[in-house]
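Residue-level structure breakdown
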Amino acid sequence: MREQLSEDLLGWYDQHARVMPWRVGPAARATGERPDPYGIWMSEVMLQQTTVAAVRDYWRKFMAKWPTVSDLAAAEDADVMAAWAGLGYYARARNLLKCARVVAADHGGAFPDTVEALLKLPGVGPYTAAAVASIAFDAPATVVDGNVERVIARLRLIETPLPKAKSEITEAAEAITPQDRPGDYAQAIMDLGATICTPRNPACGICPWSTPCLARGQGVQAELPKKLPKKTKPTRHGYIYLARQGDQWLVEQRPDKGLLGGMVGFPGSDWSDDPAPAAPFAADWREVGEVRHTFTHFHLVLRVHTVEQSSGGVEFQPVVRDDLPTVFRKALDLVSAYE
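Rules behind the numbers
Within each chain, residues carry numbers counting from 1 in the order of the written sequence. Given that this is a predicted model, residues contribute local features only at a pLDDT of at least 70 and side-chain atom pairs are listed and counted only at 80 or more, while totals for whole chains, interfaces and linings are drawn from all residues. Note that the side-chain values use all heavy atoms of the structure and ignore hydrogens as well as water. The helix and strand labels rest on DSSP assignments: H or I over at least four residues marks a helix, E over at least two residues marks a strand, and numbering proceeds from the N terminus. Take the residue count of a helix, subtract one, and multiply by 1.5 Å to get its expected span. Summary of the burial criterion: residues with accessible area below 20% of their type's maximum are buried, those above 50% are exposed, and those between are partly exposed, where the area comes from a 1.4 Å probe applied to protein chains only. By definition, residues are in contact when any of their heavy atoms lie within 4.5 Å. A pair of strands is considered paired only if DSSP assigns at least 2 bridges between the two. Here the axes come from fitting lines to C-alpha atoms, over the contacting stretch only for helices, and the angles between their N-to-C directions go from 0 to 180 degrees. Roughly parallel means an angle under 35 degrees; roughly antiparallel means over 145; roughly perpendicular covers 65 to 115; every other angle is labelled oblique. Crossing handedness is defined as follows: a turn of the near helix away from the far one that is anticlockwise and smaller than a right angle gives a left-handed crossing, while the clockwise case is right-handed. Three residue categories are used. Nonpolar comprises Ala, Val, Leu, Ile, Met, Phe, Trp, Tyr, Cys and Pro, charged comprises Asp, Glu, Lys and Arg, and polar comprises the others, including Gly.

Structural notes on helix H14 (residues 326-338)
Given a rise of 1.5 Å per residue, 13 residues ought to cover 18 Å, and the 18 Å separating the end C-alpha atoms of H14 matches this to within 8%. What H14 keeps buried is the set Val327, Phe328, Arg329, Ala331, Leu332 and Val335. Next to the buried residues of H14 lie helix H4 (52-65), strand S1 (235-245), strand S2 (248-249), strand S4 (264-265), strand S5 (286-294) and strand S6 (299-308).

Shown next as structure tokens:
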């Protein structure tokens, strides 16, 4: 059964593999070409909680600016954080630097080729370790992301709701991971989930696994995987202050730890249920409206204030909008539109 499943899936992948800038396609792999482990690791870190469409340009930008892991390891933290702006989940950018520096210092600039060794790197969890090991080094590691969870839950009719079903799904995925072409197989099953076995209206009629799919056999494929009800996200509030001097702004670097850690942004209050105003200096601040942004665990509403300041002992500097996290871009856009 394992052999037939992998044969059918790989046959489909050979014809329908998605083209991605970091991917070596099945025809090229068949000739012995292998992807750059650094590029694969970079793509996998970026793809966490982010779509392929959003990642493509960021990946190209990073690889052009820091073409090797040693180049990235030598980069200034602020430069990397600025280049990451807009991708979200900024802890990933901090771990990206930590991992690059460990690979450069302790591994001679070469990524380890086993899951066990990869797991010892900063910020590398089971999924990323398995993805790099299989895709970059053709190790028979089982890769389980959201797409794979959906495919396996339907294929094996696993009705336990997520996240409780993770171990059950992983075990089922391991049972069918082949020894032959594991790198292609890992990418094939993720492509299957992304393009055919989609969350809504799966295209079962053209799926290479339509016949053995137990959920399709019972007509319940669109109902799987089941998920526990999501908790309602709380809403936090805050104040943010945009002080301008000509075409320069008052900005600050946020603490390394915590939300948006290490990023450049505008000063403001804490984000809580009942924040207190926290203007960076006394001035005739004008409230120009509010911006809303949603993070992983909460919604945020910021009351935006601005002032044109010509003196006062504070330092202003140019701001590149695209280097700011999204929530600060929204505030800057609001002030710019107001003025």
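Some remarks on helix H9 (residues 126-137)
Relative to the 16 Å expected for twelve residues at 1.5 Å per residue, H9 spans 16 Å between its end C-alpha atoms, a close match to the ideal helical length. Counting buried positions over the twelve residues of H9 gives nine, a clear majority of the element. Contact partners of the buried residues in H9: helix H2 (26-30), helix H3 (37-47), helix H8 (115-118) and helix H12 (182-195). Among the residues trailing H9, Asp138 stands out with phi positive, at a value near 60°.

Structural notes on the sheet that holds S5
Across the sheet, four strands lie side by side as S2-S1-S6-S5; this open sheet has mixed pairing. With one partner strand each, in any of the chains shown, S2 and S5 form the two edges of the open sheet. The sheet contact formed by S1 and S6 spans ten bridges and is parallel. The residue of S6 that forms the bridge with Gly238 is Leu302.

Focus on the packing of H3 against H4
Each pair of packed helices can be summarised by the angle the axes make with each other and by the distance between the axes. Taken N-terminus to C-terminus, the directions of H3 and H4 make an angle of 140°; their axes are 10 Å apart at the nearest point. If you check the angle between H3 and H4, you find them oblique. H3 and H4 meet at a crossing whose hand is right-handed. Only Val52, Val55, Tyr58, Trp59, Phe62 and Met63 of H4 make contact with H3, whose side of the interface consists of Tyr38, Gly39, Met42, Ser43, Met46 and Leu47. Across the contact of H3 with H4, the residue classes break down as ten nonpolar, two polar and no charged.

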